[in-house]
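The residues making up each chain are set out below.
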Amino acid sequence: MADLPVFDYPEALHFLSGFEQSTIKLGLDRVHALLDGLDRPEQNFESVHIAGTNGKGSVAAFLDALLASNRNLVGRFVSPHLVSPRERILIDGTPISRQWFAAAMSRMRDVISALDIHPSYFELMTAMACYVFSFMQVDWAVLETGLGGRLDATNAAHTKLTVITSISMDHTQILGTSLEAIAGERAGIIKTGVPVVTFADTPSFPVIQTMAKKRSAPVVALLNRDIHIDGNNQVRVDLSGGEIMARCPLPGAYQTENLALALRAYH
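Predicted model only: the values in this text are computed from it and were never measured. (Residues numbered from 1 in each chain as written. Predicted model: local features only at pLDDT ≥ 70, side-chain atom pairs only at ≥ 80, totals over all residues. Heavy atoms only, no water.)

Concerning the packing of aromatic side chains
- Scanning the model with the defined rule gives seven aromatic pairs in all.
- Both rings, one in Tyr9 and one in Phe101, keep their centres 5.6 Å apart while their planes meet at 75 degrees; by these two values the pair is edge-to-face. Of this pair, Tyr9 sits in helix 1 (residues 9-16) while Phe101 sits in helix 4 (residues 98-115), and the two are 92 residues apart along the sequence. Each member of the pair, Tyr9 as well as Phe101, is classed as buried.
- Here Phe45 and Phe133 contribute two aromatic rings whose centre-to-centre distance is 5.9 Å and whose plane-to-plane angle is 85 degrees, an arrangement assigned as edge-to-face. With Phe45 in the loop between helix 2 (29-37) and strand 1 (46-51) and Phe133 in helix 5 (residues 121-135), this residue pair connects regions lying 88 residues apart in the sequence. No difference in accessibility class separates Phe45 from Phe133, as the two residues are buried. (Phe/Tyr/Trp six-rings, centres within 6.5 Å; stacked < 30°, edge-to-face > 60°. Helix = DSSP H or I, 4+ residues; strand = E, 2+ residues; numbered from the N terminus. Buried < 20%, exposed > 50% of the residue type's maximum accessible area, 1.4 Å probe, protein only.)

Structure, rendered in structure tokens:
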């Protein structure tokens, strides 16, 4: 079959529109097939995987900034977007360009056609983000789950660190009708031997701890007593043998807690 021409930006958006955003397809088979077709791009960079009910986006943004401050080129995959799907794939804190989006979507079209599969919108964007991050040779990628964790497309990625934010009742028709069940789905992103950073003083912590033990994953538990916040939104996290701190640029006590979790994960 002759090579198809590279999309321009409107053509790329039109192609993506054929994958309904609201359609949920749980499972990892399709995204693994896409990543195989792309020669496993997610193995070419280190990544941090973030799940939780609240604070995922803020923790991802804070970690992005912290990693970049150490001269790393950082990619970040988030959802949903506000205006353009380009907002879901960021390099150095900036959405990828229209040209990059179109070229990467052309590659996804070719792989999907060759494999004869129909991934979900989120699966397509997850695989495309990994492809872009690999091609751009990022040092780190921060990957935010879309729904749940265990069967979320981002869980196909190779990760260096797991972060689980606060967990509450959400998407009960899919994730379960109890906090324990939902926490179990979120904790499904924990990988064998990969450290997991989370809040310790929460009802969901025992579930996370149990999953981590099953998978021999070290748990870095952030206690409330380790977090100190002054009147200027300066956040300090006590560590064994020291401390790490930063000023929170966002208002709200919950944002200072999110920054504390990001600082602990960064350390």
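Don't stop here, the text continues.
A few points about the sheet that holds strand 10 (residues 234-239)
- Read across the open sheet, the three strands follow the order 9-10-11; overall the sheet is antiparallel. The open sheet has two edge strands, strand 9 (227-229) and strand 11 (242-247), and neither has a second partner. Between one strand and the next, the sheet's axes are offset by a mean angle of 20 degrees, whatever the strand orientation.
- Of the strand pairs in this sheet, strand 9 and strand 10 are connected by three bridges, and their pairing is antiparallel. When the sheet's bridge partners are listed, Ile229 is paired in strand 10 with Val235.
- Its contacts with the sheet place helix 9 (residues 253-266) against strand 9, strand 10 and strand 11, and it is angled at close to 40 degrees to strand 10. (Pairing = 2+ DSSP bridges. Axes fitted to C-alpha atoms, helices over the stretch in contact; angles between N-to-C directions. Contact = heavy atoms within 4.5 Å.)

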